[in-house]
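Okay, here's what each chain looks like letter by letter:
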Amino acid sequence: MDVSGKGLLYLINDLLDVSKIAAGKFTIDDTEFDLDALLDEIKTIFYKRAEEARLSFKVSSSLHCSTLLRGDGHRISQILINLLGNAVKFTEQGSVTLTISELEAIDGSELPQLSMVVQDQGIGISPEVMEQLFQPFEQADRSISRRFGGTGLGLHISMTLAQMMEGDIEVSSEEGVGSCFQLNLPYQIDRESRVERDQE
């Protein structure tokens, strides 16, 4: 599929997701998924993209628990692909990293938090743009849109998905230096995998 065909497909998928969100028909699954397998897929996609863009790409994880978790692995992957896709797209030289770690439970939740941080050395985001970053159809400015393309829907969808999974996305950025997007999600280890691990 050529670039224009892929762009049209991404636009159609984003519009379908936004329509489902607006209609209240967007659902989140609660099933077992393997975080390691998810990260392997991410690596396969973005090592190639980073290589083509002549960027350094690294994934690291400091989790010490089982990676068989419960949640919506497909939607987590969708968010990470969007965040990493933006990081690669807006970084002309330097590096893009994805770091996975565990945070303490917050806001009275009994579940620990999974932190997934996407850091880049790209063009950065101005304070004015930061205020509307997660609004649908919003991008940095028209010149950025013409230069880099995009639908202006990915971050809106990603934030909505994160909130539907009782998490959020935090952003810090400096123009000309880079951006950091941190996806925080509560998680639980799959009970069956925990029993099997304890019996080993």
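Let me sum up the structure you'll find in this document. (Residues numbered from 1 in each chain as written. Predicted model: local features only at pLDDT ≥ 70, side-chain atom pairs only at ≥ 80, totals over all residues. Heavy atoms only, no water.)

The subject of this paragraph is the nonpolar core. By size, the foremost hydrophobic cluster in this structure holds 44 residues, and its most contacted members are L98 and M116. Residue assignment for this core shows that the elements contributing at least two residues are α2 (35-52), β2 (56-61), α3 (73-89), β4 (95-103), β5 (113-120), α6 (154-164) and β7 (178-186). No other element matches α3, which puts seven residues into this core. What L98 contacts, discounting residues up to four positions off in sequence, is L39, I42, K58, V59, S60, L80, L84, M116, V117 and V118. (Core = buried A, V, L, I, M, F, W, Y, C linked by side-chain atoms within 4.5 Å. Buried < 20%, exposed > 50% of the residue type's maximum accessible area, 1.4 Å probe, protein only. Helix = DSSP H or I, 4+ residues; strand = E, 2+ residues; numbered from the N terminus. Contact = heavy atoms within 4.5 Å.)

Before going further, it helps to examine the sheet that holds strand β3 (residues 68-71). On the basis of which strands lie adjacent, the open sheet formed by three strands has the order β1-β3-β8 and antiparallel pairing. Both outer strands of the open sheet, β1 (31-34) and β8 (188-189), are each paired with one neighbouring strand and no more. Direction of pairing for β1 relative to β3: antiparallel, over a ladder of four bridges. Residue D34 lies in a different strand from β3, and its bridge partner there is L68. Sitting on the sheet, α2 touches β1 and β3, and the angle it makes with β1 is about 55 degrees. (Pairing = 2+ DSSP bridges. Axes fitted to C-alpha atoms, helices over the stretch in contact; angles between N-to-C directions.)

Let's shift gears to the packing of α3 against α6. For any two helices packed against each other, the geometry is given by the interaxial angle and the distance between the axes. Taken N-terminus to C-terminus, the directions of α3 and α6 make an angle of 145 degrees; their axes are 10 Å apart at the nearest point. Our pair here, α3 against α6, has a crossing hand that is left-handed. Contact residues: α3 offers R75, Q78, I79, N82, L83 and N86, while α6 offers G154, L155, I157, S158, L161 and A162. Of the residues assigned to the contact of α3 with α6, the class counts are six nonpolar, five polar and one charged. (Left-handed = near helix turned anticlockwise from the far one by under 90°. Nonpolar A, V, L, I, M, F, W, Y, C, P; charged D, E, K, R; others polar.)

This paragraph deals with the sheet that holds β2. Judged by pairing direction, the sheet is mixed, and its five strands sit side by side in the order β2-β4-β5-β7-β6 without closing on themselves. Both outer strands of the open sheet, β2 and β6 (168-174), are each paired with one neighbouring strand and no more. Neighbour-to-neighbour, the strand axes of the sheet open up by a mean angle of 15 degrees, direction not taken into account. Sheet analysis places β2 next to β4, joined by six bridges and oriented parallel. Bridging from a neighbouring strand, S60 pairs with T99 of β4. Of the strands in this sheet, β2, β4, β5, β6 and β7 are in contact with α3, which crosses β5 at around 20 degrees.

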